[in-house]
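# A look at the structure
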Amino acid sequence: MNKSIDRISEVYNGVLDTSFQEDARGRIHWICENAKGENILDIGCSQGIVSILLGREGKKVLGIDLSDKSIDYANEVLLEEEEATINLVNFKCANFMAMEKYEQKFDYIIVGHVLNQITDTKRFIQKALTLLNDNGRIIITVPFGINDHKNHKKTYYLLDVLKLQDNHLILEEQIKFGGSWIGVILKKSSEEQTLNINESLLHELEENFNFLEKYLRGTLIQNVIEKDINKIPVKEKESNDKKLQTYNEQILKKDKEIKELKNQISKNDKDIKILKRKEKAALTEAQNLKNQVIIVRKEKIKVQEDLLHSYKKEEMLLVSYQKLLKRYHALSESKLGRLTLAYWRKRRSKSFGGK
């Protein structure tokens, strides 16, 4: 009989069935974010992705699983990790319920998608409780609603998860609805806890049902389309395939034209950038020439102002000279003036003529 092997690590890394990768990563990251203890037991660790992620963060983890193939895979992946992670993580092929001795107690116990595969959940939880430190936590995730996996033995909805509480385990935080899964954190405590269903919780429950309904509708429509396609006659299929091929060729041709246009636009953009740089340089040069013209004009105006000033000064000297000349003529025509002029002439002739 072939055993079904959980390949969650491959799904998480996108190696297998990428359609579920986002869902798987969301669940695994939620578990890791809430596993805040230093010593952790990962029950049903499968291919070891959660244990390794926690080991990378410096936490000591023991991962156990029933499948020897899953444990072999986990150990192979672990060997590719850094030495520090290898030293913190240990994988063991074992049955959790059959193991009698554990070397220590744990701060957190992870039970990821395990409870849905067993019938006596109360016995399982009670054993996990004995391995918890004081104030320790159990992180539980289960598939939400109906699941067609052959190992699926129990269906979980909101009320089923709330009933996991008892006199020693209480709900610590709000329940996590992840679409195809539901998560809960139970805290070891002696306090009594009653079932707490409020409006906010019911709203989240309805949102989760809405998500699943949309997903199932999409899957159903896809299945109907595939069945309808299979009903199409072979000749019609071939005709449609030829049309599809023609359309694809036309699309490729258009894509090529678009690519060429984009290249041309890119080239034009480069030319425009070059022209803009040249325009900027020309504008700068023109501005420099304008500045030079302004300087020359200012110098010319200054020269003109200096000439005008000199002209006015000469004009004033000429006016003064004309005034003196008139006085000289007036003086020379008078009797006293003639005597004065005669005196100065005689005196000047003696000065230049010698003794």
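Located above this text is the structure these notes cover.
In this report, we go over the structure that sits alongside the text. (Residues numbered from 1 in each chain as written. Predicted model: local features only at pLDDT ≥ 70, side-chain atom pairs only at ≥ 80, totals over all residues. Heavy atoms only, no water.)

## Observations regarding unusual backbone geometry
In most cases, non-glycine residues show a negative phi, while peptide bonds are predominantly trans. For the record, the criterion: Think of it in three bands: residues with accessible area under 20% of the maximum for their type are buried, residues over 50% are exposed, and the middle band is partly exposed, with areas taken using a 1.4 Å probe on protein chains only. Put simply, DSSP marks the helices as runs of H or I at least four residues long and the strands as runs of E at least two long, and each gets a number from the N terminus on.
Phi is positive for serine 46, close to 55 degrees, though the residue is something other than glycine. Assessed through its relative accessible area of 2%, serine 46 is described here as buried. The backbone of asparagine 135 shows a phi angle near 65 degrees, a positive value even though the residue is not glycine. Among the secondary structure elements, asparagine 135 is positioned in strand β5 (residues 132–143).

## What about the packing of aromatic side chains?
Any two aromatic rings considered together are summarised by their centre-to-centre distance and by the angle between their planes. To keep it simple, the criterion reads: Centre distance within 6.5 Å is the pairing criterion for rings of Phe, Tyr and Trp, where only the six-membered ring of Trp is used; planes under 30 degrees apart are then read as stacked, over 60 as edge-to-face, and the remainder as tilted. In this scheme, the term charge over a ring applies when either NZ of a lysine or CZ of an arginine sits within 6 Å of the ring centre and within 35 degrees of the ring normal.
By the definition in use, this model includes five aromatic pairs. Here the aromatic rings of phenylalanine 96 and tyrosine 102 are separated by 6.3 Å at their centres, their planes lie at 55 degrees, and the arrangement is tilted. As far as burial versus exposure is concerned, phenylalanine 96 and tyrosine 102 are alike and both buried. A ring pair is formed by phenylalanine 144 and phenylalanine 177, whose centres lie 6.2 Å apart and whose planes are at 85 degrees; its orientation type is edge-to-face. You can see phenylalanine 144 sitting in the loop between β5 and α7 (158–162) and its partner phenylalanine 177 sitting in strand β7 (residues 176–177), a full 33 residues away along the chain. Residue phenylalanine 177 is classed as buried on the basis of its relative accessible area of 12%. Lying across the ring of phenylalanine 96, lysine 127 places its NZ or CZ 5.5 Å from the centre.

## Quick word on the pattern of salt bridges
Close approach of charged atoms allows side chains with opposite charge to pair. Selection criterion: A pairing counts as a salt bridge when a side-chain nitrogen of Lys or Arg comes within 4 Å of a carboxyl oxygen of Asp or Glu.
Per the counting criterion, the structure on display carries three salt bridges. For arginine 56, the salt bridge goes to glutamate 81, with nearest N and O atoms at 2.8 Å. Linking arginine 56 in helix α3 (residues 49–56) with glutamate 81 in the loop between α4 (68–78) and α5 (83–88), this pair joins segments that are 25 residues apart in sequence. For glutamate 81, a relative accessible area of 17% translates into the label buried. Between aspartate 306 and lysine 302 there is a salt bridge whose closest N-O contact spans 3.7 Å. Note that aspartate 306 and lysine 302 are positioned in helix α9 (residues 234–333) at a spacing of four residues, about one turn of the helix.

## Some details on the pairing of strand β4 (residues 106–112)
We count it as follows: Strand pairing requires that DSSP identify at least two bridges connecting the strands.
With six of its seven residues buried, β4 lies for the most part within the structure. Sheet topology note: the strand β1 (residues 39–43)/β4 ladder contains four bridges and is parallel. Bridging across to β4, isoleucine 40 finds its partner in tyrosine 108. In this sheet, β5 lies alongside β4 in parallel orientation, the contact comprising six bridges. Bridge pairing links glycine 112 to threonine 141 in β5.

## Thoughts on the state of the cysteines
What counts is decided by this rule: Two cysteine sulfurs form a disulfide in these notes if their separation is within 2.5 Å.
Per the counting criterion, the structure on display carries zero disulfides. Counting only cysteine sulfurs, cysteine 93 is the nearest neighbor of cysteine 45, a cysteine outside any disulfide, at a range of 9.1 Å.

## Re the environment of histidine 149
With respect to the element layout, histidine 149 can be found in the loop between β5 and α7. Residue classification places histidine 149 among the partly exposed residues on the basis of a relative accessible area of 39%. Between the alpha carbons of histidine 149 and glutamine 117 there is a distance of 9.6 Å; along the sequence they are 32 residues apart.

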